[in-house]
Structure formats: C-alpha cells, structure tokens
Amino acid sequence: GTLVGSFMALLGPLMAETVDRCYMPKVTTVAFSALGTGFMGGPAIAGRIYDSYGSLDWSFLLAGAATVAGCVVLLLTPHIVARSKQRAETILTGEEGGEGFHIVSES
C-alpha cells in the first residue's frame, strides 16, 4: 500500500503533462480502470499459476512481460498519435488523390 499510494498520487500530474486537458477524464478513466483490473486480477492469476506450477517464477515472468509490453506501447504512442493526425489531415484535405471532405454551408 505505501508504494502504490505515492504512485497513484503522481499519476494525475503525469497525465496532465502528457495529455490535452479535453482528454483528461477519458485518459484518467482508462488508466485507473487498467490499474484496478491489475490490482484485482493479478494476485488471483499469480495464485493460479503457483497452484499449477508450484513456483512463483512463471508469475514473475508474466508480470515482467506485461510491464515490457506496456512500456513498448507507451514508447510507440507518440508515433501512433502523429500518424493518425497526419492521416486525418490527409483525408480532410484530399491530398491522396481523393476529393476529401468539404463543408457545405446551407444558405
């Protein structure tokens, strides 16, 4: 509990530094939902692995693999966001040979 509490206290300012304000509620919900799922499901999964194999080695390996996967996703996020913004701009402007989207005003 002691170490997790300090992490939870720092999570809000970290998200405020990395995400636009309009996305804060959605990002906070996803982050805390993922943490809650891990906090509730992790011990049960580790216990099931211990019962199956008689050792906690595999549960630590699984936890490490999940951490590495999360780090990879975190490192790829800026690249994915930049590509999606570029793709959206391309679609809206019609630079790829398409007509794009045009706003027609009704007057």
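Residues numbered from 1 in each chain as written. Predicted model: local features only at pLDDT ≥ 70, side-chain atom pairs only at ≥ 80, totals over all residues. Heavy atoms only, no water.

Draft legend 1. Geometry of the overall build of the protein chain. Scanning the protein chain for helices and strands turns up three helices and zero strands. Going residue by residue from the N terminus, the α and β elements of the protein chain occur as α-α-α. Every one of the 107 residues in the protein chain was classed for burial, and the buried ones make up 7%. Split by element, the accessible area of the protein chain, about 9200 Å² in all, is 67% carbon and sulfur. (Helix = DSSP H or I, 4+ residues; strand = E, 2+ residues; numbered from the N terminus. Buried < 20%, exposed > 50% of the residue type's maximum accessible area, 1.4 Å probe, protein only. Areas by Shrake-Rupley, 256 points an atom, 1.4 Å probe, with all protein chains shown as cover.)

Draft legend 2. Spatial organisation of the packing of aromatic side chains. A complete count under the given rule lists one aromatic pair for this structure. Between tyrosine 53 and tryptophan 58, the aromatic rings sit 6.1 Å apart at their centres with planes inclined by 40°, giving tilted as the arrangement. One exposure class covers both tyrosine 53 and tryptophan 58, and it is exposed. (Phe/Tyr/Trp six-rings, centres within 6.5 Å; stacked < 30°, edge-to-face > 60°.)

Draft legend 3. Structural view of the side chain of serine 59. Mapped onto the elements of the fold, serine 59 is located in helix α3 (residues 57-93). Here the side chain of serine 59 touches leucine 56 through a polar contact of 2.7 Å, landing on its backbone oxygen. Contact partners of serine 59, with chain neighbours within four places excluded, come to Ala46 and Ile49. (Polar contact = N/O pair within 3.5 Å; in protein donor to acceptor, adjacent residues only side chain to side chain. Contact = heavy atoms within 4.5 Å.)

Draft legend 4. Spotlight on the confidence of the model for the protein chain. On average, the protein chain scores 81 in pLDDT, and the residues at 70 or more come to 85%. Per-residue pLDDT, averaged within each element of the protein chain, yields its smallest value for helix α1 (residues 2-18) (79) and its largest for helix α2 (residues 24-53) (89). (pLDDT = per-residue confidence, 0-100.)

Draft legend 5. Examining α2 more closely. Here α2 spans 41 Å end to end across 30 residues, near enough to the 44 Å set by a 1.5 Å rise per residue. Maximal helix bending in α2 amounts to about 35°, located at glycine 41; proline proline 43 follows within four positions. Taken together, the buried positions of α2 are occupied by Met24, Leu35 and Ile49. One or two residues past the end of α2 sits glycine 54, with phi positive at roughly 75°. (Expected span 1.5 Å × (residues − 1). Bend = angle between axes of the 7 residues up to and from the residue.)

Draft legend 6. The arrangement of the packing of α2 against α3 in detail. Interaxial distance between α2 and α3 falls to 8 Å at its minimum, and their mutual angle equals 140°. Our classification of the angle between α2 and α3 gives oblique. Every residue of α3 that contacts α2 at Ile45, Ala46, Ile49 and Tyr53 is listed here: Trp58, Ser59 and Leu62. The residue inventory of the contact of α2 with α3, partitioned by class, reads six nonpolar, one polar and no charged. (Axes fitted to C-alpha atoms, helices over the stretch in contact; angles between N-to-C directions. Parallel < 35°, antiparallel > 145°, perpendicular 65-115°, else oblique. Nonpolar A, V, L, I, M, F, W, Y, C, P; charged D, E, K, R; others polar.)

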